[in-house]
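Summary of structural features
Each chain, written out:
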Amino acid sequence: MMEGGVPDYGCTANAAKTRLSFDLDAARNSSSCYKAADGSMFVPWCGLLINARTCEVQVDYARYHGTSIRDALCVERCANPGEQLFKRMCKCIRYKCHPVTLDSHINSLFVIRLNVYQALLFCAMRLSCYVNDLPQPVDANPLFIADVVVRLVDYTFAAVRLSTSSEQAVRLGCNCPLIAAEVKWLGLHAFQRILRMKQCKFRQVLSVLDAVINQPSHDYYRRHLKDVVDPRHSTIFDKILF
C-alpha cells in the first residue's frame, strides 16, 4: 500500500528512503537490508543498524565501506598538536558511545561489548590517519603515541559512563553493565588489530601495547572476550580505507 501511494492525495513513499526487515517482491529492491559476514541481517536507520531478528542496535560502519577516513579528517595546526590529537580522539569516542548502543534493555551484553570494541576500532583508524599530519613522525616519539592510546582506552570507560548516566539516559532507564577492566582490554586489542595493518609505521608503538595487553591481569578477559573480538563480527573494518 505504501509503495502504491495514495493517488487521490498525490503522495507516495520514497522507496530510496524506505527500509524493511524482509524482502519485497519485484517492485522493491532487496538491498534495503545489510547482511553481515556472520549472516546477521540489519536494517540501516539514521546511522545505526537494527538487527532484523533481535532488534538489537549497532552503529552503521558499513556506510564507510570503500571510503577513506583520511578524506573526512581535519587536522588543526596548533601549539600543542600532540595534546590536540588526544582531544580529537576523545571526541570521536564520545560520538560513538550512544546510550542506545550501550543499554542492556535493548542489547545483549555481547552486543554492548561489540559496540564498544567497534567504536575503538574506528577510533584507531582515525588515529592512524591523524598522526600522519603531526610535525614529527611516529618513530620520533613512539612512547608518546603509545601513551595517547592507553589514555584513550582508559577514557573510553569514562565516556561510556558519561553517556549512560546523562539526564535523558537516566530518565529512560538506561543500564550499562560494562566494567572498566573489560573495556580496557577491548580497547588495547582494537588498537593492536588496526595498528598492525600499518606495522611498519607503528612497530615500536605495538611493542609497548603488546607488553601492556600481555600482562597476567588481562588473562581472564583474553579468554572471556575472545568471541567479541572475533574478526568475523567486524569484517566491515577490512573494507574501510585509512
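What this report covers is the structure whose coordinates are included nearby. (Residues numbered from 1 in each chain as written. Predicted model: local features only at pLDDT ≥ 70, side-chain atom pairs only at ≥ 80, totals over all residues. Heavy atoms only, no water.)

**Some thoughts on the layout of surface pockets**
- Quantified by volume, the largest pocket comes out at close to 390 Å³.
- As for the largest pocket, its lining consists of 27 residues, of which Ala36, Asp38, Ser40, Phe42 and Gln58 are closest to the centre.
- Secondary structure elements with two or more residues in the lining of the largest pocket: strand 2 (41–45), strand 3 (48–51), strand 4 (57–59) and helix 3 (109–130).
- A total of four residues in the lining of the largest pocket trace back to one element, the largest contributor, which is helix 3.
- A breakdown of the residues in the lining of the largest pocket according to their chemical character gives 14 nonpolar, nine polar and four charged. (1 Å grid on protein atoms, 1.4 Å probe; cavity = no way out; pocket = protein on both sides within 12 Å on 5 of 7 lines; lining within 4 Å. Points joined across faces, edges and corners; volume = space filled by probe spheres on them. Helix = DSSP H or I, 4+ residues; strand = E, 2+ residues; numbered from the N terminus. Nonpolar A, V, L, I, M, F, W, Y, C, P; charged D, E, K, R; others polar.)

**Focus: the nonpolar core**
- One finds Leu85, Leu127, Ile145, Leu152, Phe191 and Phe202 to be the most contacted residues of the largest nonpolar core, which totals 63 residues.
- Mapped onto this core, the elements with two or more residues apiece are helix 1 (81–96), helix 3, helix 4 (142–164), helix 6 (180–195) and helix 7 (199–213).
- Setting aside residues up to four positions removed in sequence, Phe191 forms contacts with Leu120, Cys123, Ala124, Leu127, Val149, Leu152, Val153 and Leu209. (Core = buried A, V, L, I, M, F, W, Y, C linked by side-chain atoms within 4.5 Å. Buried < 20%, exposed > 50% of the residue type's maximum accessible area, 1.4 Å probe, protein only. Contact = heavy atoms within 4.5 Å.)

**Looking at the packing of aromatic side chains**
- Scanning the entire structure with this criterion turns up six aromatic pairs.
- Summarising the aromatic geometry, the rings of Tyr64 and Phe122 are spaced 4.9 Å apart at their centres and angled 35 degrees between planes, so their arrangement reads as tilted. Separated by 58 residues along the polypeptide, Tyr64 in the loop between strand 4 and helix 1 and Phe122 in helix 3 bring together distant segments of the chain.
- For Tyr64, a relative accessible area of 19% gives the class buried.
- Judged by relative accessible area, Phe122 falls into the buried class, the value being 4%. (Phe/Tyr/Trp six-rings, centres within 6.5 Å; stacked < 30°, edge-to-face > 60°.)

**Remarks on the environment of Tyr61**
- Looking at the secondary structure, you find Tyr61 in the loop between strand 4 and helix 1.
- Exposure remark for Tyr61: the relative accessible area of 2% places this residue in the buried category.
- Note: C-alpha distance between Tyr61 and Ile240 (179 residues apart in sequence) is 8.7 Å.
- Discounting chain neighbours no more than four positions away, the residues touching Tyr61 are Lys96, Gln118, Ala119, Phe122, Ile236, Phe237 and Ile240.

**Some details on the pairing of strand 3**
- One ladder, built from four bridges, connects strand 2 with strand 3; its direction is antiparallel. Pairing of Trp45 across the sheet is with Leu48, part of strand 3.
- If you look at the hairpin formed by strand 2 and strand 3, you'll find two residues sitting between the two strands, and Cys46 has a positive phi there, around 50 degrees.
- In this sheet, strand 4 lies alongside strand 3 in antiparallel orientation, the contact comprising three bridges. Across the sheet, residue Leu48 finds its bridge partner in strand 4, namely Val59. (Pairing = 2+ DSSP bridges.)

**Thoughts on helix 3**
- Its 22 residues place the ends of helix 3 32 Å apart at the C-alpha level, agreeing with the 32 Å of an ideal helix rising 1.5 Å per residue.
- Counting buried residues along helix 3, 20 of its 22 residues qualify, which places the element largely inside the surrounding structure. (Expected span 1.5 Å × (residues − 1).)

**Brief notes about helix 1**
- A rise of 1.5 Å per residue sets the reference length of helix 1, with its 16 residues, at 22 Å; its end C-alpha atoms lie 23 Å apart and thus fit the reference within 8%.
- Buried-residue contacts for helix 1 involve strand 4, helix 2 (99–102), helix 3 and helix 4.

**Some words on the pairing of strand 2**
- The sheet contact formed by strand 1 (residues 34–35) and strand 2 spans two bridges and is antiparallel. Among the inter-strand pairings, Lys35 is bridged to a residue of strand 2, identified as Met41.
- The hairpin formed by strand 1 and strand 2 contains five residues between the paired strands, and Gly39 there has a positive phi angle of roughly 95 degrees.

**Thoughts on the packing of helix 6 against helix 7**
- Packing of helix 6 against helix 7 brings their axes to within 9 Å, and their N-to-C directions diverge by 155 degrees. By the criterion of interaxial angle, the relationship of helix 6 to helix 7 is roughly antiparallel. Crossing hand, helix 6 versus helix 7: left-handed. Touching Trp185, Leu188, His189, Phe191, Gln192 and Leu195 of helix 6 are Gln199, Phe202, Val205, Leu206, Leu209, Asp210, Val212 and Ile213, all from helix 7. (Axes fitted to C-alpha atoms, helices over the stretch in contact; angles between N-to-C directions. Parallel < 35°, antiparallel > 145°, perpendicular 65-115°, else oblique. Left-handed = near helix turned anticlockwise from the far one by under 90°.)

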